[in-house]
Each structure stands twice: as C-alpha cells, then as structure tokens.
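Fold and geometry: a report
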Amino acid sequence: MSPDPTPSLEAPLLQAVGIVPLAVLSFLLSRSIHRDSLRYFWRAWWSLAIALFSLYFALRFPASRAVLEPLYFLGEYTFAAFILAGCRNLATGARVGRRRLWLLLPLAVLAAALAHFHGEFAVRFIPQAGIMAVLFALALQAVRHVPPAGRGRIGTPLLQLSLLALAVFFAHYVPVLAWSQWTGAGLPRAYTHYASLIDLLLETLLGFGTLIVVLEREHHELELANEQLRAAREKLETMARVDPLTASLNRHAFYSMVEGYRTTGEASGCVAVVDLDALKPVNDTFGHAAGDATIRAVARAVRQVVRADDLVFRWGGDEFLVVLFGVSEEEARRRLEGLDAMLAAVPVPGSREPLAVTVSVGVAAFAAVAGLEKALEVADERMY
C-alpha cells in the first residue's frame, strides 16, 4: 500500500484485486502439490489480500478504522512472515509448528499500537515500512541458500530478485516519509499514484517467483524419480538377462539376442556347448559351495579364451553356451580345447588341495541366425 498521507480508496482496492488471483492460484496448486513451502505461500497471499481489503474498508468507513487498520497492519506482517517461512522451508526444509504461532502475538500488539500511533497514516506507515523491509531482507537471506532446481531454471533467481526489490522498496519509504513529515513538504502526486502500482508489480513478481520455484522443484524431483525408475528398470532387465552366480548371460538373453538378429540383420559363426564333468561328486564330497566355486571357475575360463564380442551363456546347471561370431569351426575348437589345462587346479571351499576340473565341448557352425538353434542341437550332440 502506498504511503499517501490521505490514501485513496482505489490504491488498496486495486492491490487487493490484483493479489486475489495469486492467492487463489497458490491455494489450488497446494491441493495437488503437497509442499510445506507452497502452503506457507498461499497463506501469505491470503493474508495480504485480507490486509488490503481491511485497509480499503477502513478508508471507506472511517468509523471502523480502529478495528480494521490494526487488521491491515497485522495482515501485512503475517504476509511477510509466511513468505519468510516459505523461503526458509525451501532452503532448509524447516517447518513452522503450531507452537510457534505465538510469535505472531508481538506483531499483533505492534499492529494495534501503530493504529493509534499518530493521526496521519503516512507517519504510522514509517515503522510499518521498516518492519516489512526487515522481514523481506530476512527472507532474501534465507532464499540465498536455495539451489536452482536444475540448470536453466529461473524460479530461484526471480524469487531472489523480487525479495530484494521489495526490501529496497519498503526501506526507501522510511527516509522519504520521514523527510516529508520533517519538512512539511508534500509528496509529488505522481509518486503517491505510482508507488502503489510499483508495489503491486513487485508483489506480483514475488508471487510468480514463489509459484515458479515450487513448480520447478516439483518438476526436478519428478525428473529424478524418473531417472531412478529408469535405473531400476535397467537393473531389473539386467538381472533378468544375467545369471547371478557366474555373471554370464542366461537363456532369456539368448532368445532375446536371436530375435534381435532376426529383425536387425544376419550373423554367422560357431556355437559351442561346454559341459562341466562330474559336478555331482564335487557337491557330494565338498558341498554346494564348492560346486558353485567350480561353476564360476569354468565361466571365468571360458571368458578368457573367447573374444570380448563373443557371448557366454549359462545354459543349465553345469552347462554353458558360447556364441562366437565370424569364427570358423576349427578356430572355435582351437580356442576351447585349452579349457582343461586352465582348470587343472581350481581352489574350492572345503578342499585342502585344488581340484582338477574337466569339461566336455561340442562345436557346430551356423551360416545364419535361422540356423543357430539347429547348430545348438548339433553342438550338444557332439559334446556328448
């Protein structure tokens, strides 16, 4: 509200009408976006709207000034206090509990005292402007620690700019009005006319800043949640395609690969079936932990003799499938025939001495993806 010594009815009414849409919008958003900061902000805008309407009716009906003008001052304080609470919540997550509402009591006492402080409204407005400037400065200090919700966001800078402008704007009233009262010089009519418009403009800017920063935070958290969902989905997909014991691919991954090649292109090479010999005696003698260690040793050995582009699948309990692309049958056999030597001394739990592990291998070539499953049957027969 502009500090005209004889305030016009239009100024508070214009500001009140301009603030109501912000109050309604903030309240409606709080119904779907459950954030403490937004709840503080919509309470702030309703407090300001009530304050401005109170001043309007106090001016329109002078007999009610003793009741409505303190309500105006208290509404302005409550507005700034809720803005401060919302900014602190954005920065630190701090909440204002009901037990702290007693802090409004000194403001209520001050509001009642100001209404009877002096005969002219402009004089009563001097301490009011100073208090509002301090509250906005505290809100600015709090919001300085609010990080932007992602790159390219404008909510936090807009909120900081509007708070700074309001703190400076209210602070400038103190020397201007004090000088006017001290010298007896009236304020220019253009100043008193446009001050309320500037006040409304800055408050509107603050309103959009509060709404944008809340919406940006909501959007940012939704993006983070989507990233976490994507990561979880990728992890689940990996778990569905990878054998947890050996970190090799599983049957599901094999058939997914076959379908992928059928739609994207052809491939040729060799398929090999590698079967671990005599796993049951190892389990019976040393336990299943020893059997698992033996299976992992075979998987490691197979991955060491094939290329990085070749695929290793755990096909069964003690059976592995290897797909070697662009490799002749002779080259595939040459690579795999050294597995027994690599497994000649496998340390296993429960055995003092390393175990000599052997495998049986069957290899078959395929010229196209369509023949891969047939080649698998041939390699399985050759392995036996």
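The structure under discussion appears in the preceding block.
Everything quoted here is computed from the prediction, not taken from an experiment.

For the protein chain, the helix and strand inventory stands at 13 helices and four strands. Against the globule reference of 21 Å for 384 residues, the protein chain gives a C-alpha radius of gyration of 39 Å, more extended than a compact globule. The principal-axis extents of the C-alpha atoms in the protein chain amount to approximately 110 × 50 × 30 Å. Counting every position in the protein chain, which comprises 384 residues, the buried fraction comes to 44%. Excluding contacts between residues fewer than 6 apart, the proportion of contacts in the protein chain whose partners are at least 24 apart in sequence is 73%. For the protein chain, the computed accessible surface area is about 19,700 Å², with 62% contributed by carbon and sulfur atoms. Across the protein chain, 35 positive and 36 negative side-chain charges occur, with their mean positions spaced 11 Å apart.

What follows is about the environment of Arg241. Take Arg241: it is sitting in helix H7 (residues 189-241). Using a relative accessible area of 33% as the deciding quantity, one classes Arg241 as partly exposed. Sequence-wise, Arg241 and Ser256 are 15 residues apart; in three dimensions their C-alpha atoms are separated by 9.0 Å. If near-sequence neighbours (up to four positions away) are discounted, Arg241 is found in contact with Ser248, Leu249, Asn250, His252, Ala253 and Ser256.

We now examine unusual backbone geometry. Of note in the backbone geometry, Ala247 takes a positive phi value of approximately 60 degrees without being a glycine. Looking at the element boundaries, Ala247 is found in the loop between H7 and helix H8 (251-264). Under the relative-accessibility criterion, Ala247 is labelled exposed at 56%. For Ala278, which is not a glycine, the phi torsion comes out positive at approximately 55 degrees. Residue placement: Ala278 occurs in the loop between strand E1 (269-276) and helix H9 (279-286).

What follows is about the packing of helix H1 (residues 10-32) against H7. Packed helices, taken two at a time, are described by their axes: the angle between them and the distance between them. Running from N to C, H1 and H7 cross one another at 5 degrees; their axes reach a closest spacing of 10 Å. Here H1 is positioned roughly parallel relative to H7, judged by the angle of their axes. Only Ser196, Leu197, Asp199, Leu200, Glu203, Thr204, Gly207, Phe208, Leu211 and Leu215 of H7 make contact with H1, whose side of the interface consists of Ala11, Leu14, Gln15, Gly18, Ile19, Leu22, Leu25, Ser26 and Leu29. A per-class count over the contact of H1 with H7 returns 11 nonpolar, six polar and two charged.

What follows covers helix H10 (residues 288-305). Relative to the 26 Å expected for 18 residues at 1.5 Å per residue, H10 spans 26 Å between its end C-alpha atoms, a close match to the ideal helical length. Within H10 the residues assigned to the buried category are Ala290, Gly291, Ala293, Thr294, Ile295, Ala297, Val298, Ala299, Ala301, Val302 and Val305.

Another aspect to go through is the pattern of salt bridges. Counted by the stated rule, this structure contains 15 salt bridges. Here Arg307 makes a salt bridge to Asp310, at a shortest N to O gap of 2.7 Å. Overall, the relative accessible area of 31% leaves Arg307 in the partly exposed class. The exposure class assigned to Asp310 is buried, which follows from its relative accessible area of 6%. In this structure, Glu377 engages Lys374 in a salt bridge whose closest nitrogen and oxygen atoms are separated by 3.9 Å. Placement of both Glu377 and Lys374 in helix H13 (residues 372-383) is noted, with a separation of three residues, approximately one turn of the helix. Shared partners join several salt bridges into a network, and the residues in it are Arg35, Glu218 and Glu221.

A grouping of Leu14, Tyr194, Leu197 and Ile198 is seen on the molecular surface, where their side chains present a nonpolar patch of about 350 Å² in accessible area. Looking at which element gives the most residues to the nonpolar patch, the answer is H7, with three residues. Structurally, Leu14 can be placed in helix H1.

Among the nonpolar cores identified, the biggest contains 60 residues, and Trp45, Phe79, Ile83, Phe136, Leu163, Phe170 and Leu206 are the most heavily contacted of them. When residues of this core are traced back to their parent elements, those giving at least two are H1, helix H2 (36-60), helix H3 (65-92), helix H4 (104-114), helix H5 (121-143), helix H6 (155-183) and H7. Here this core gets 13 residues from one element, more than from any other, and that element is H5. When residues no more than four places from it in sequence are discounted, the contact partners of Phe136 are Phe79, Leu163, Leu166, Ala167, Phe170 and Leu206.

This brings us to the pairing of strand E2 (residues 311-314). In terms of strand pairing, E2 meets strand E3 (residues 319-325) through four bridges, oriented antiparallel. Counted as the bridge partner of Val312 is Val322 from E3.

One open sheet holds the four strands; their spatial order is E2-E3-E1-E4, and the pairing between them is antiparallel. Since the sheet does not close on itself, it has two edges, and those belong to E2 and strand E4 (359-366), each with one partner. On average, each strand axis in the sheet is inclined to that of its neighbour by 20 degrees, with strand direction left out of account. The sheet contact formed by E1 and E4 spans eight bridges and is antiparallel. Paired with Asp275 across the strands is Ser360, a residue of E4.

What counts as what
The numbering scheme is per chain: residues are counted from 1 as the chain's sequence reads. With pLDDT at 70 or above as the cut-off, local features in this predicted model cover only qualifying residues; side-chain atom pairs require 80 or more to be listed or tallied, and sums for whole chains, interfaces and linings still use all residues. Calculated side-chain values reflect all of the structure's heavy atoms, with hydrogen atoms and water omitted. Think of it this way: any DSSP run of H or I at least four residues long counts as a helix, any run of E at least two long counts as a strand, and we number them from the N terminus. Between the two quantities, the radius of gyration covers C-alpha atoms and the globule rule is 2.2 Å times the number of residues to the power 0.38. Think of it in three bands: with a 1.4 Å probe and only protein chains considered, a residue is buried below 20% of the maximum accessible area for its type, exposed above 50%, and partly exposed in between. Contacts: residue pairs with any heavy atoms within 4.5 Å of one another. Method for areas: the Shrake-Rupley scheme with a 1.4 Å probe, in which residue coverage is limited to the protein chains shown. His residues and chain termini do not enter the charge count, which takes Lys and Arg as positive and Asp and Glu as negative. To locate a charge, take NZ of a lysine, CZ of an arginine, CG of an aspartate or CD of a glutamate. Where helices are involved, their axes are fitted lines through C-alpha atoms of the stretch in contact, as for all axes, and angles between N-to-C directions lie from 0 to 180°. Each angle is binned into one of four classes, with values under 35 degrees roughly parallel, values over 145 roughly antiparallel, values of 65 to 115 roughly perpendicular, and all other values oblique. Side-chain classes follow a simple rule in which Ala, Val, Leu, Ile, Met, Phe, Trp, Tyr, Cys and Pro form the nonpolar group, Asp, Glu, Lys and Arg form the charged group, and the remainder, Gly included, forms the polar group. What a helix is expected to span follows from its residue count: subtract one and scale by 1.5 Å. Salt bridges, as used here, are contacts in which a Lys or Arg side-chain nitrogen is within 4 Å of a carboxyl oxygen on Asp or Glu. Think of a patch as exposed residues, more than 30% relative accessible area, with no salt bridge, where like charges cluster within 9 Å and nonpolar side chains (Val, Leu, Ile, Met, Phe, Trp, Tyr) cluster within 5 Å. Within this scheme, the nonpolar core is defined by two criteria: the residues are buried Ala, Val, Leu, Ile, Met, Phe, Trp, Tyr or Cys, and they are joined through side-chain atoms within 4.5 Å. Whether two strands pair depends on DSSP finding at least two bridges between them.

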